[in-house]
Amino acid sequence: MVFVHHSLLTATFLAPHPALLPRLIERLRHETLRCLQIAEHIPTALLEELIASGDRQLLQGLAAGDNRRAWFDSRRAPAVPGGTRRKDALLRLAALGDPALAKPLFDSEVWELRIAVLTAAAARPDDPGWRLPGGLVDTLLCARGLDEFAFAVCAPFSDVAEWARKHLGERFPPNDQVFVCRRVAKLGGASALRGILEEGSPASVTAGVLRQAVKAQDPIAVFPYDARAFELVDGTYKERLLFPSDLAPASGSGSGPGPTALPPDERREPAEASDWCVPASRIEELLALDDPEINAKIFLYAQPTDEQRSAILEGRPFDPDAPAGKRLPLSEDLVASIRSNSGGWLWSSYASGHPELARAVLGKYKLLTPARRLALVTALWERSGRDAVQALLDETRFPGRRPKRHPLTYETHRAVQQALNAPDGLGRLREMLAHAQSPEGQRDFLLSLRSEAQCFNGGKAIVKEMDDQPPWAELIDAHRHEPLHEHLLAVLAERQDVPKELRKDCAAALVRLRHPDHARCRSSEPRTAPGLLRHHPEPHEDWLRLAYRYEELTPTDTLREARPARAVVQHLLGLFPTRLDQSLIRPYRCAHAQARRMAYAQLGTDPDAWAMAARLLPEFEGTFPELLTTAAAVIS
């Protein structure tokens, strides 16, 4: 017999009319039992049929399955049209109050399921099925764990609850007794706690907590946390219970324990500029003093704007009456702090013109665009002079960089060296920088990126260096004359602001290049997404979602063209709906309905044909329509 994977069988039961289910279950009984034991989704029609028919074997298979793991998996699983999450199906079984099903459901150790089982048992506690050997009553009377004992205390069977209340004190140490009572408070409230006080023999610490809990409006809040603290008793550290009051802040201390206060002689009152909460208006007044030390404190400790930070790094005066061309020095503390900063301070200092920061930037970061490289060199010349630029070009060691090759590219290095040899070198650098920063210069640089490594490995960072604003108008014009390189198109496709003139080609390039087998395609023409779907089996889940997102494919395309059929069924069954964008929910529903229509058109209402399709599915290598045609042909 060919084994049918549970997800494939679930799909089989989702499609046919409910009237077909009894005969289909009979023909696929072994596979159905396995499906019920492990599937995250149970077809709703199948569940209703089993409950209505009272099929004991299959219902017990569902109740005794891998429920602890499947419970938590199905809570995260998306909904499936016509399917019921496993946790909801198990709660439905628990609500039946069937003693034969209740025992395996209780043994699953799932808190919510155990509550549902006891709630259903409370509606019919006199049913003799609860007291059969090995049944629910025997399980509660044999309780060993803390949770199990709490359920025994709150059991709807009077003899079980009385036994548990009396034996609580002798079974567990005080810490565990309090833990059990906290669980009892959640299950049975103050009345269940009162029963322990009146009938049991809890330890003194437990009894004290119980008296407070019985009187409290919220009994659970009285109990300690499930944790341990320590206290010194007779020179030895002993475990003690950790109560909420141990973690609560002292009266008048705010929302939590504050920092330990330093002795008066160790306190250091910070300067006003170092205050994180100094208002923006006061920051402007302090910056207008043009004091490098104050500027450094504001940069490091206050909240200046990005423009103010850039001005501090570049040494631009804030005083409107400052002489033209004046540059404020950077304090040694500020330079050292920026060099050691692991965030964005060092990155943003590329145009500071400070020799140490320029070397540090080149040592830690790779400047990807000519504009960013020229901006660093031009700022260094403007602030520190020609000799500082020459020293940077002659430098062979940069902090943090292992390769001996200079971090500036060969083209930039040569252009800067030529500018140093020219009488108007700074002017030439400024001209080159202006061109590199212009839309035309940005376009020329982007068009020069031809390899996958250049685009995919650094494409997003390159665009970010362009102030995160690609030269769209120039790129559109270039694309009209000659199509842009597909790797560049793929990088641009992921941006939200892609113009409509480029959007379709960008999406097609991205979907094509993200296909795992695109590099092995021998066709001289780039294959489209439908072509890749037809020619490469086992389409990857992530690639299909990407193709849907960029509207290069629809779920119906996958249903008709993808192979093998088992991958199509698992894909369409497993996506809906939370793993899909909202815009895809309707196309997915259409594909689901189309699959049902195709199945009915080929298989009709013959249960043998449906069973044959389910058994062919695991090893069939063709498409879903071909599977249906083959199953119908075999039966006929």
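Everything that follows concerns the structure shown earlier in this document.
Residues numbered from 1 in each chain as written. Predicted model: local features only at pLDDT ≥ 70, side-chain atom pairs only at ≥ 80, totals over all residues. Heavy atoms only, no water.

Notes on the overall build of the protein
The secondary structure content of the protein amounts to 38 helices and four strands. Each of the 636 residues in the protein was classed as buried or not, and the buried ones make up 46%. (Helix = DSSP H or I, 4+ residues; strand = E, 2+ residues; numbered from the N terminus. Buried < 20%, exposed > 50% of the residue type's maximum accessible area, 1.4 Å probe, protein only.)

Observations regarding the side chain of Arg 495
Note on placement: Arg 495 falls in the loop between α30 (486-493) and α31 (500-514). Note on Arg 495: relative accessible area 19%, which makes it buried. A distance of 3.0 Å separates the side chain of Arg 495 from the side chain of Asp 497, its partner in a polar contact. Residue contacts for Arg 495: discarding those within four places in its chain leaves Val 463, Asp 468, Pro 470 and Trp 472. (Polar contact = N/O pair within 3.5 Å; in protein donor to acceptor, adjacent residues only side chain to side chain. Contact = heavy atoms within 4.5 Å.)

Quick notes on the nonpolar core
Nonpolar side chains in soluble globular proteins generally cluster together in the buried interior. Among the nonpolar cores identified, the biggest contains 120 residues, and Leu 140, Phe 157, Leu 193, Phe 223 and Phe 624 are the most heavily contacted of them. If one sorts the elements of this core by residue count, helix α13 (residues 174-199) sits on top with eight residues. If near-sequence neighbours (up to four positions away) are discounted, Leu 140 is found in contact with Phe 106, Leu 118, Phe 151, Ala 152, Ala 155, Phe 157, Val 160 and Trp 163. Counting residues in each nonpolar core, the second largest holds 47 residues, with Leu 330, Leu 334, Leu 346 and Val 377 among its members. (Core = buried A, V, L, I, M, F, W, Y, C linked by side-chain atoms within 4.5 Å.)

Points about helix α7 (residues 86-94)
Within an α-helix, residues lying three or four positions from one another point in the same direction, as the helix has 3.6 residues per turn. Buried residues of α7: Arg 86, Ala 89, Leu 90, Leu 93 and Ala 94, and no others. Across the axial projection of α7, the buried residues extend over an arc of 140 degrees, all falling on one side. (Arc of directions from axis to C-beta.)

As for the pattern of salt bridges
Between side chains of opposite charge, a pair can form when the charged atoms approach closely. Under the counting rule described, the total for this entry stands at 28 salt bridges. Of the charged contacts, one joins Arg 92 and Glu 48 as a salt bridge, the two residues approaching to 2.8 Å between their closest N and O atoms. One end of the pair, Arg 92, is in helix α7; the other, Glu 48, is in helix α4 (residues 44-53), and 44 residues separate them in sequence. Judged by relative accessible area, Arg 92 falls into the partly exposed class, the value being 34%. Given the relative accessible area of 36%, Glu 48 is considered partly exposed. A salt bridge links Arg 514 to Glu 494; the nearest nitrogen and oxygen atoms lie 3.2 Å apart. Linking Arg 514 in helix α31 with Glu 494 in the loop between α30 and α31, this pair joins segments that are 20 residues apart in sequence. Among the residues examined, Arg 514 registers a relative accessible area of 37% and is labelled partly exposed. Through salt bridges that share partners, Glu 307, Glu 314 and Arg 316 make up one connected network. (Salt bridge = Lys/Arg side-chain N within 4 Å of Asp/Glu carboxyl O.)

Focus: the packing of helix α24 (residues 386-394) against helix α25 (residues 410-421)
It is the contact of α24 with α25, at a shortest axis distance of 11 Å, that shows an interaxial angle of 145 degrees. Seen along the crossing, α24 lies across α25 with a hand that is left-handed. Residue-level inspection shows Arg 386, Val 389, Gln 390 and Leu 393 of α24 in contact with α25, the latter providing His 413, Val 416, Gln 417, Ala 419 and Leu 420. Along the lines of polarity and charge, the residues of the contact of α24 with α25 split into five nonpolar, three polar and one charged. (Axes fitted to C-alpha atoms, helices over the stretch in contact; angles between N-to-C directions. Left-handed = near helix turned anticlockwise from the far one by under 90°. Nonpolar A, V, L, I, M, F, W, Y, C, P; charged D, E, K, R; others polar.)

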